[in-house]
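A structural walkthrough
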Amino acid sequence: MIVFGAIAPHGGPVFDQPDAPTRKGMEELGRRFAAAEPEAAIVLTPHGTHVDGHFAVVRSVRLEGDAARWTDADTHYEGPGEPELAKACIEALNEDGLPALGVTFGATAGGASTMPLDWGALIPLWFMRAPAVVVTPTRDRPNEEQVRAGAALARATGDRRVAMIASADHGHGHTEDGPYGFAAESAAYDASIQELVRENRLGELVDVNPAWAVAAKADSFWQLLMLHGAIGDAFDVELLSYEVPTYFGMLTAAYRRKE
């Protein structure tokens with residue numbers, strides 16, 4: 001079962017600005033994650049291995065990487081994967097008619113593979129450590145399939161205690177001097193996401209055209225749909241932080257199962 005949910009950012013300011021709201025939010029996520037005592041985590045990342053038209057599920061027994069591309073801090077991470085849970089995730093997705101493939105790196109057998117981690121998975125796992133299955137959504141599929149995929153992943157957990165982490169940074173067009181330039185949609189998109197998270201209304205994203213997220217230069221929309229599919233209405237939420245420390249927006253939020 002899903003025992004904890006989170007929306008976690010994955011940008012370098014998490015490490016470079018240790019006194020900022022985002023870092024404090026990530027540390028609080030870490031505390032709440034530990035209190036929930038998950039046996040494993042499923043991390044939904046927009047930056048992992050992309051397979052055209054398919055949800056990609058990492059089957060590797062080991063995960064390793066760093067965020068050196070984005071920060072000078074020592075961010076080297078090594079941790080266990082969860083191949084049995086990954087297998088269950090792939091089976092559940094396929095049973096629901098959703099296109100999904102298992103992926104490994106270096107070796108075809110998950111038990112012999114170490115998957116290089118992208119920053120989207122590594123940074124949340126830095127603060128919320130557990131054996132992990134990394135899942136990459138596919139933007140090629142419609143909104144309702146993203147929701148169904150999240151529900152399938154939740155079903156795949158069986159009797160395991162699992163945390164569902166949506167790794168997400170939001171609009172990437174907040175400043176002119178950023179690598180993507182300015183996008184007026186970024187501020188509006190981020191404001192809407194804050195409202196939907198704060199009021200526990202992620203389900204309303206199902207009816208939103210993803211072209212809006214693309215125009216806002218966001219990489220959160222698809223993971224949030226999957227998170228909604230995984231937790232439904234069974235969780236309460238607390239928005240812990242939001243800020244725009246650079247050209248993109250960063251938000252932390254914790255989901256706790258209702259009593």
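Within each chain, residues carry numbers counting from 1 in the order of the written sequence. A pLDDT threshold of at least 70 governs which residues receive local features in this predicted model, and a stricter bar of 80 or more applies before side-chain atom pairs are shown or counted, although totals over entire chains, interfaces and linings include all residues. Side-chain numbers come from the whole structure's heavy atoms, not from hydrogens or water.

**Some details on the packing of aromatic side chains**
Geometry of aromatic contacts follows a simple scheme: Phe, Tyr and Trp rings, the Trp one being its six-membered ring, pair when their centres are within 6.5 Å, and the pair is stacked under 30 degrees between planes, edge-to-face over 60, tilted otherwise. Going through the model one piece at a time under the given rule, you end up with eight aromatic pairs. Ring centres of Y247 and F248 lie 4.9 Å apart, and the angle between their planes is 80°; this geometry places the pair in the edge-to-face category. The burial state of Y247 is the same as that of F248; both residues are buried. Members of the aromatic cluster, each reached through a chain of ring pairs, are F15, W126 and F127. Throughout, exposure labels follow a simple rule: accessible area from a 1.4 Å probe, protein chains only, divided by the maximum for the residue type, with under 20% read as buried, over 50% as exposed, and the rest as partly exposed.

**What to know about the sheet that holds strand β7 (residues 114–116)**
Across the sheet, which stays open at both edges, the three strands sit in the order β5-β4-β7 with mixed pairing between neighbours. This sheet does not close on itself; its edge strands, each paired only once, are β5 (77–80) and β7. Averaged over all adjacent pairs, the angle separating strand axes in this sheet is 20°, with direction ignored. The pairing of strand β4 (residues 62–65) with β7 spans three bridges and is parallel. Bridge assignment links E64 to a residue of β7, and that residue is P116. For two strands to be treated as a pair, DSSP must find no fewer than two bridges joining them. Note on conventions: DSSP H or I runs of at least 4 residues are helices, E runs of at least 2 residues are strands, and numbering of each starts at the N terminus. Angles run from 0 to 180 degrees between N-to-C directions of axes, and those axes are lines fitted to C-alpha atoms, restricted for helices to the stretch in contact.

**A short note on the pairing of strand β11 (residues 250–257)**
Counting buried residues along β11, six of its eight residues qualify, which places the element largely inside the surrounding structure. Bridge count for strand β1 (residues 2–8) against β11 is four bridges, and the pairing is antiparallel. Paired with I7 across the bridge in β11 is A253. Across eight bridges, strand β10 (residues 235–243) lies against β11 in antiparallel orientation.

**A word on the pattern of salt bridges**
Here a salt bridge means any side-chain nitrogen of Lys or Arg lying within 4 Å of a carboxyl oxygen belonging to Asp or Glu. Throughout the structure, instances matching the rule amount to 14 salt bridges. Residues R256 and E259 are paired through a salt bridge, measuring 3.1 Å at the closest nitrogen-oxygen approach. Here R256 matches E259 in class, with each residue exposed. Through salt bridges with shared partners, one network takes in E28, R31, R32 and E238.

**Focus: the pairing of strand β3 (residues 55–58)**
Alternating positions in β3 separate into two faces, F55 and V57 on one and A56 and V58 on the other, with burial throughout. Alignment of β3 against strand β6 (residues 100–103), held across four bridges, turns out to be parallel. In the strand pairing of β6, V58 is matched with V103. In this sheet, strand β8 (residues 132–136) lies alongside β3 in antiparallel orientation, the contact comprising two bridges. Within the sheet, the bridge partner assigned to A56 lies in β8 and is T136.

**Let's talk about the side chain of H228**
Following the sequence through the fold, H228 ends up in helix α8 (residues 221–231). Excluding residues that lie within four positions of it along the chain, H228 makes contacts with V147, L202, G203 and V206. Note on definitions: a residue-residue contact is assigned when non-hydrogen atoms from the two residues lie within 4.5 Å.

**Side note on helix α2 (residues 21–36)**
Here, expected helix span is obtained from the residue count minus one, scaled by 1.5 Å. Its 16 residues give α2 an end-to-end C-alpha distance of 22 Å, which sits within 8% of 22 Å, the value for a rise of 1.5 Å per residue. Within the sequence span of α2, burial applies to T22, R23, G25, M26, L29, G30, F33 and A36. All buried residues of α2 lie within an arc of 155° about the axis, which places them on one face of the element. Among the exposed residues of α2, those oriented more than 90 degrees off its buried face are R31, A34 and A35. Positive phi appears at E37, one or two residues downstream of α2, with a value of about 55°. By definition, the arc is the one covered by directions from the helix axis to the C-beta atoms.

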